[in-house]
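So you can see what is in the structure, the chains are spelled out below.
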Amino acid sequence: QVQLVESGGGLVQPGGSLRLSCAASGIAFSIYAMGWYRQAPGKQRELVAVITYGDGTNYADSVKGRFTISRDNGKNTVYLQMNSLKPEDTAVYYCNAKWGVIHEHWGQGTQVTVSS
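Predicted model only: the values in this text are computed from it and were never measured.

### Details of the state of the cysteines
Scanning the model with the defined rule gives one disulfide in all. One disulfide bridge connects C22 with C95, the sulfur atoms lying 2.1 Å from each other. Taking the torsion about the S-S bond as the criterion, the C22 to C95 disulfide, at about -80 degrees, is left-handed. Linking C22 in strand β3 (residues 18-25) with C95 in strand β9 (residues 91-99), this pair joins segments that are 73 residues apart in sequence. Per residue, the accessibility class of C22 equals that of C95, and both read buried.

### Digging into the packing of aromatic side chains
Under the definition given, this model contains two aromatic pairs. For the ring pair Y32 and W99, a centre distance of 6.2 Å and an interplane angle of 45 degrees mean the geometry is tilted. Taken as a pair, Y32 in the loop between β3 and β4 (33-39) and W99 in strand β9 lie far apart in primary sequence, 67 residues in all. With centroids separated by 4.9 Å and ring planes inclined at 65 degrees, the aromatic side chains of Y37 and W106 adopt a geometry described as edge-to-face. Pair noted here: Y37 is in strand β4 and W106 is in strand β10 (residues 103-106), with a separation of 69 residues, a long-range link. A relative accessible area of 35% means that W106 is categorised as partly exposed. Residue placement shows R45 over the ring face of Y94; its charged tip is 3.8 Å from the ring centre. Against the face of W106 rests R45, its NZ or CZ located 4.6 Å from the ring centre.

Each value, and the rule that gives it
Residues numbered from 1 in each chain as written. Predicted model: local features only at pLDDT ≥ 70, side-chain atom pairs only at ≥ 80, totals over all residues. Heavy atoms only, no water. Disulfide = S-S within 2.5 Å. Helix = DSSP H or I, 4+ residues; strand = E, 2+ residues; numbered from the N terminus. Buried < 20%, exposed > 50% of the residue type's maximum accessible area, 1.4 Å probe, protein only. Phe/Tyr/Trp six-rings, centres within 6.5 Å; stacked < 30°, edge-to-face > 60°. Lys NZ or Arg CZ within 6 Å of the ring centre and 35° of its normal.

Quick look at the structure:
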């Protein structure tokens with residue numbers, strides 16, 4: 001049974017930082033591309049950052065220079081370090097694991113709220 005369990009969300013003031021974690025089980029983690037997506041109220045889910053099995057990374061323009069994605073294959077965990085947070089970063093953040101075309105899994109999401 002595949003599980004992706006996110007943690008680390010919460011309420012933070014503008015300019016603050018959070019680190020999200022996603023612990024995976026039930027998959028061969030090291031061969032999967034891992035990503036973080038987010039969905040704000042009334043908006044479509046969007047890609048935030050992705051890291052390939054070879055540690056290549058890609059970021060949405062809106063988070064470049066502020067967010068960093070990383071992975072620890074020994075712990076089957078992917079992280080998203082979020083710095084200089086803005087109110088527009090408020091969303092539910094979802095962990096994604098993808099391998100090929102048909103092997104794709106999602107976490108349940110964690111809420112990030114940036115507000116003073």
